[in-house]
Amino acid sequence: MTAYIKSVEKLINEFRKLPGIGPKSARRIVFYLLKLTREEILEFSKALVEMKDKVRFCSICFNLSEGEMCSICSDATRDRKKICVVQNVSDVTVIEATGEYKGLYYVLGGLLSPIEDIGPEEIRIPGLVKRVESEGIEEVILALNPTVEGEGTAMYLKKVLQPTGTRITRLASGLPVGGDLEYVDELTVGKALSNRREI
Amino acid sequence: MYLEKLELRNYRNYEHVSLEFGSDSVLILGDNGQGKTNLLESIYFLSTGKSHRTQNQSELINWGADYSILRAVIKGSHLLEIELRRDAGIKVRIDKTYQKRKKDFVFLLPAVIFSPDDLKVVKESPSNRRDFLDEVLEKVDPAYAYTKSRYQKVLLQRNSLLKSLENIGQLKNPGIASTFETWNEYLVNYGVKIIEKRVSLIRMIRDKFKEYISYFFGIDKSDIIYLLSWGREAGLDYQGENYCNFPADGGFEYGNFASNSNSDSRYELDKEINEIKEIKERYLSKLEENLDKDLMLKTTSIGPHRDDFVILLGGRDLRFFGSQGQQRIATLSLKLCEVFLVEEKTSRTPVLLLDDVLSELDLERKKLLMEMMGHRFQTFVTTANINSIEDLKDAKMRFGKKYMVKNGNVYQWD
């Protein structure tokens, strides 16, 4: 392990900081990079710096953006009366991939958690309320994870958004599409059963 | 259904043992420290994937060995094998096929274990009684463990909020205080579910419990009552409004409903739902009432994590006023209720494991117990005292097989 030259070892350690990368993957990546030409490496490092310099957060929804406003917020064809509230930027990508949703977003950047000292300000809740009020939003869709913190945040949002008179909905939970009833655990079936609806 | 064959390799003090049983009860005799309990523990492990004595799995593996294998042939059903390794978890095979989920084998071989340790359920602090209810519920209700762990997580959040509220002046983000109501509500949502499930468990076993107590003692006046946390503090006033009571029709009553109960009325679902709502409101207002106290103690003093149940015998709390013998019988009766529930909910006849329970009972009760269980269930009985079995000669039951355990070896004996 310690047999590497300093500069190689340093780079391996940098890669190890990335999510999902362990010591073995880090080594593999670095050995791959060693084979590249100087131009290719420059291209790669330039891309990194450019990303950091150019990417900003949308001033309206806090999604990733290149300008003041993200591509979704500035898209005139979107339904401007709906807001989907998500925890992270990556959740926007997930929902966009469905192609089912044509409204706008609001990225909280976290969830309420007294243990971590995270309150409503830290996750931009006052900003959301203000936006719902001033833009006359008709529906707020809560797309938060069904963890304790996710559900706590959803409950809090419901409480602070109710006075605005907007419709508040949340993602359904239950059977996976294409799933076989036989192979789904009791808990999920139970949840699907209590959330059943007429067809 | 019964356990036909048990084989252990490197389990506790057994290097290798292979035993065969019939559907009759099995007697296991041996001096202290020879491995009687280990045998029962291994059957329980095959049933639940857990030991009733330890959390530390590597304790179950024989000294000097790296792995341990438990094998059970269940009559008319399956071959169940569990592989324990020191460095890894457990592996389960059913009919030679590896299983992915633990749930897949739990209750292939349902078992209920009776051990002298159970006495603490009746005798000691409320947490023992809560554990008893929770363990039974986890066995018969697949969603219960989830609800409980959720409740505990929310409780943790609320407690940590209480800690930060204490010095609100220097709070980094005073806004966090505004979420307090939400955490309360959320806590109550899960808390009520736990209360509801525990109460319905007590409702299901209540008649059986009375039946068992009267079978053993001829005493008709016994009862078992779920106690809400805010009622516990009110003192031992059983007529009080803070008890969940259960009229004969099976619906449970709450608070002042108790005084005008109508035992002729049929159980109505709507009524039950209303009462749950009632508990919910009560719970929320009690949380608010106790806020100052909670802030001072920096913990939540109200909720199912502080609930309890009382056993009444002749109108008196058995925990404080019962004799040792009465407490033992009440413990047995509770475990028999567990047997009844497991049988009812899993539609299988459990195997009963009686670890050194007989020697603690008088002759009369011993006979009654063995006559009740011996012919309905495959019952494994351990004892160090041969006399406690000699007493049973004229009882209407018999042991199919008798074994003697000595220093990790098992001999058939008659």
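Our subject in this report is the structure included herewith. Computed from a predicted structure; not experimentally measured. (Residues numbered from 1 in each chain as written. Chains lettered and ligands numbered in written order. Predicted model: local features only at pLDDT ≥ 70, side-chain atom pairs only at ≥ 80, totals over all residues. Heavy atoms only, no water.)

### Overview of the overall build of chain A
Item 1. Across its full length, chain A holds seven helices and six strands.
Item 2. Written out in order from the N terminus, the α and β elements of chain A read α-α-α-β-β-β-α-β-α-β-α-β-α.
Item 3. Taken over C-alpha atoms, the radius of gyration comes to 22 Å for chain A, far larger than the 16 Å a tight globule of 199 residues would show.
Item 4. Taking the principal axes of the C-alpha coordinates as reference, chain A spans close to 65 × 50 × 35 Å.
Item 5. Considering only intrachain contacts with a sequence separation of at least 6, the fraction spanning at least 24 residues in chain A is 46%.
Item 6. Carbon and sulfur atoms form 57% of the exposed surface of chain A, whose accessible area is close to 13,000 Å².
Item 7. Here chain A carries 28 positive and 29 negative side-chain charges, and the mean point of each set is 4 Å from the other. (Helix = DSSP H or I, 4+ residues; strand = E, 2+ residues; numbered from the N terminus. Rg over C-alpha atoms; globule rule 2.2 N^0.38 Å. Contact = heavy atoms within 4.5 Å. Areas by Shrake-Rupley, 256 points an atom, 1.4 Å probe, with all protein chains shown as cover. Lys, Arg positive; Asp, Glu negative; His and termini not counted. Charge placed at Lys NZ, Arg CZ, Asp CG, Glu CD.)

### A look at the environment of leucine 111 of chain A
Residues and elements named next belong to chain A.
Item 1. Structurally, leucine 111 is set in the loop between strand E4 (104-107) and helix H5 (125-134).
Item 2. Separated by 40 residues in sequence, leucine 111 and serine 71 place their C-alpha atoms 25 Å apart.
Item 3. Once you skip the residues sitting within four places of it in the chain, leucine 111 turns out to touch Gln87, Ile118, Ile123, Leu144, Thr147, Glu149, Gly150 and Thr153.

### A short note on the side chain of arginine 150 of chain B
Item 1. Topologically, arginine 150 of chain B is positioned in helix H4 (residues 144-166).
Item 2. What arginine 150 of chain B contacts, discounting residues up to four positions off in sequence, is Pro146, Thr147, Val148 and Glu151 of chain A together with Tyr186 and Tyr190 of chain B.

### Here we look at the state of the cysteines
Item 1. Tallied over the entire structure, the rule returns zero disulfides over all chains.
Item 2. No disulfide involves cysteine 58 of chain A; its sulfur sits 3.8 Å from that of cysteine 61 of chain A, the nearest cysteine. (Disulfide = S-S within 2.5 Å.)

### Brief notes about the interface of chain B and chain A
Often, the extent of an interface is quoted as the loss of accessible area upon association of its parts.
Item 1. Facing 25 residues of chain B, the contacting portion of chain A comprises 23 residues.
Item 2. Roughly 2,100 Å² of surface becomes buried between chain B and chain A when both sides are summed, with 60% attributable to carbon and sulfur atoms.
Item 3. Taken together, the links from chain B to chain A amount to one salt bridge.
Item 4. Close ionic contact of arginine 150 of chain B with glutamate 151 of chain A constitutes a salt bridge, the shortest N to O distance being 3.2 Å.
Item 5. Applying the counting criterion to the chain B and chain A interface returns 12 residue pairs in polar contact (both at pLDDT 80 or more). (Buried area = accessible area lost by both parts, 1.4 Å probe. Salt bridge = Lys/Arg side-chain N within 4 Å of Asp/Glu carboxyl O. Polar contact = N/O pair within 3.5 Å; in protein donor to acceptor, adjacent residues only side chain to side chain.)

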